[in-house]
Amino acid sequence: MLEAPKSSLAVEMNNNRVLVENSTNSIEECLLPESFEKALKLIEDFTTNADKIQNRVLSEILSINAHVEYLQRHGLDGHTDRETFKKVIPVITYEDIKSDINRIANGDTSPILCVEPITGFFSSSGTSAGERKLIPITKECFKRRSLYRILRTPIMNQYVPDLNKGKIMYFMFTKPEAKTPGGLVASPILTSYYKSSHFKDRPYDPYNDYTSPDETIICEDSYQSLYSQLLCGLYQNNQVLRVGAAFAFGFLWAIWFLQKHWTLLCNDIRTGTIDAKITDSSVQEAVLKILKPNPKLADFIEIECSKDSWQGIITRLWPKTKYVDVIVSGSMSQYIPTLDYYSNGLPIVSTWYGFSECSAGINLKPLCKPSEVSYTLIPTVAYFEFLPVERNNEIKNSISVPDFLNEKEQQELVDLVDVKLGQEYELVVTTYVGLYRYRVGDVLRVAGFKNKAPQFNFICRRGVVLSIDTDKTDEMELQNAVENSVKHLIPFNTSLEEYTSYADGSTIPGHYVVYWELINQEQATSIPPSVFEDCCLTIEESLNSVYRRLRVREKSVGPLEIRIVEKGSFTKLMDFAISKGASISQYKTPKCVKFAPIVELLNSRVISNYFSPKCPNWVPNYK
């Protein structure tokens, strides 16, 4: 039986033995330029021997946790082979282990899910798929996830060299932590990381030299944190080589914040002081160590921010910026035009793919077009399985994923190296911290292969849908429909800033409502109501045939409605979510809203509304 690894995961590969060290020393070594070649060689080894590594990872996870309650409950009986594992261990969702997690949260320290002691929880953002979830963590979690930091810099250096000769303005946020009844800390993954010794005591890395002092990052007051991070980023503007945040929305939120508060920021730079609203003493001290009076820089920022157009503001204020580092896959792709507008078309780079349960993939071609981003799953971090997802013949572009799997469907899961090009799958993971055959909820499409390892496009989250009758509209389908419709706005120099949707059952019949916040660019012209009506119809024409059948034949779904909301409405929506416990770092605008106070908030800011003028096209399909 294998022993629990203390600092390494050893993998047999033919006659060689590749050692992936998780210790701090090895991280420092891999971040040195002379070790970049070694890190790239690791990727070649991982992807060439993906299946052998996956087999070893599963065996190791099951050996370490052989006597935990969960595995004994399902009769694994110490077996570590794939065949027995897949035969006796069920494919599960969070609801299936919620009672076990609640026991741990309430103070049960027995080995329920894993041998390693549970030290806390990652809390999911709760904005994509419902209620907040608690994902167990151990002290080894960040060590295992550090592999991505090891690999990301050497990959990026191949495409954008000399990133060690400047700084990164990367907006990072934390929120107050919560405690479970048993005394364990629960917080979003990024909050947990920024407050951990892995971040605070990290070795100096010239390739990731932030403009933001740590004190501004761990400040839990979102206004003070963002204000002080922007202040430091502006003051060091000529040293900034790249800008970003975890998600596209977080970065754009910083730009919108700058639009509102640039006069105060200029005053601080001009005088070398910090605004009175920044009351956190540790933040004040850290910022004032950097800030010195610079009237010339303040004048420059004032001139740029005073201009009528903010197009290209990123390259104007931070002229040496080489790319924008944000995740734009999935629902974040809607922000690509806005990012292009503010950045003058700088490359948008999505470097990694992960979630609360597990870090999973890395982008080996970071300068690819955002629409072409794919992630190569690293086979050492978890055991991956894939549940085939079908496109319903009648529901074009609608993803069909069963909520509950029968025995036959559970046997249809395939291993990492057995996925098929072009096929879509829901990701299922088995991790070192006690998640076994756990459905993550992400739907991925196989885009290609790196040696034997597949590369995936992120498609959408399972279960985010609009529904009035028997219609089901998933997140990606809605996004495609909205993207088709906003093309009508192009002749009027207007684009879509943000959107969400709501299934309004209060009308007879019920109907879809799509809330739009618009951004008017230079020389924008007034938009006739008929154009918005065309937008409504285009959305309906882009939706699946079941929806269109219910509109045309059954008349059980009413005309789609677009409600235009005041500028800043979605910032208000985010503020509301944060006030209810959401994290800025992980916040993503929900593409479908159901919570009554949110609907009321949006409705209170509607300035005009439009309905589809006629039924969409629909032809009976008798297949």
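Before any of the text, the structure's been laid out above.
In this report, we go over the structure that sits alongside the text. (Residues numbered from 1 in each chain as written. Predicted model: local features only at pLDDT ≥ 70, side-chain atom pairs only at ≥ 80, totals over all residues. Heavy atoms only, no water.)

## Quick word on the pairing of strand S17 (residues 424–430)
Within S17, seven of the seven residues are buried, which leaves the element mostly enclosed by the surrounding structure. Across the two faces of S17 the burial is the same, with Glu-424, Glu-426, Val-428 and Thr-430 and Tyr-425, Leu-427 and Val-429 all buried. (Buried < 20%, exposed > 50% of the residue type's maximum accessible area, 1.4 Å probe, protein only. Helix = DSSP H or I, 4+ residues; strand = E, 2+ residues; numbered from the N terminus.)

## What to know about the sheet that holds strand S6 (residues 178–179)
In spatial order, the strands read S4-S3-S7-S6; together these four strands make up an open sheet with mixed pairing. Unpaired on one side and paired on the other, strand S4 (134–137) and S6 mark the two borders of the sheet. Bridge count between strand S3 (residues 120–123) and S4: four bridges; the pairing is antiparallel. Across the sheet, residue Phe-122 finds its bridge partner in S4, namely Ile-135. Together, S3 and S4 form the strand contacts of helix H6 (residues 94–105), whose direction differs from that of S4 by roughly 60 degrees. (Pairing = 2+ DSSP bridges. Contact = heavy atoms within 4.5 Å. Axes fitted to C-alpha atoms, helices over the stretch in contact; angles between N-to-C directions.)

## Focus: helix H19 (residues 529–542)
The first and last C-alpha atoms of H19 sit 20 Å apart over 14 residues, in line with the 20 Å expected at 1.5 Å per residue. Three or more residues of H19 are buried, namely Val-531, Phe-532, Cys-535, Cys-536, Leu-537, Thr-538, Ile-539, Glu-540 and Ser-542. Looking at the buried positions of H19, the neighbouring elements they touch are helix H18 (475–485), strand S23 (511–520), helix H20 (545–554), strand S24 (561–565) and strand S25 (606–611). (Expected span 1.5 Å × (residues − 1).)

## Topic: the packing of aromatic side chains
What the rule picks out here adds up to 21 aromatic pairs. Relative to Trp-253, the ring of Phe-173 has its centre 5.8 Å away and its plane inclined at 75 degrees; by these criteria the two rings are edge-to-face. In this pair, Phe-173 sits in the loop between strand S5 (167–171) and S6 while Trp-253 sits in helix H12 (residues 248–271), placing the two residues 80 residues apart along the sequence. When its relative accessible area of 7% is taken as the criterion, Trp-253 is described as buried. Considering the side-chain rings of Tyr-194 and Phe-199, the 5.1 Å spacing of their centres and the 65 degrees angle between planes classify their relative orientation as edge-to-face. Judged on exposure class, the residue Tyr-194 and its partner Phe-199 are both buried. Over the face of the ring belonging to Phe-199 we find Arg-202, whose NZ or CZ atom lies 3.9 Å from the ring centre. It is Lys-588 that lies over the ring of Phe-247; its NZ or CZ is 4.8 Å from the centre. (Phe/Tyr/Trp six-rings, centres within 6.5 Å; stacked < 30°, edge-to-face > 60°. Lys NZ or Arg CZ within 6 Å of the ring centre and 35° of its normal.)

## What about unusual backbone geometry?
In the Ramachandran plot, Asn-344 falls in the positive-phi region, its phi being about 60 degrees despite a non-glycine side chain. In this fold, Asn-344 is placed in the loop between helix H16 (336–343) and strand S10 (348–349).

## Remarks on the sheet that holds S5
Across the sheet, four strands lie side by side as S5-S8-S9-S10; this open sheet has parallel pairing. Each edge of the open sheet carries a strand with a single partner, namely S5 and S10. Of the strand pairs in this sheet, strand S8 (residues 240–247) and strand S9 (residues 323–327) are connected by four bridges, and their pairing is parallel. Bridging across to S9, Arg-242 finds its partner in Tyr-323. The sheet contacts of helix H11 (residues 222–235) involve S5 and S8, and relative to S5 the element is tilted by about 160 degrees.

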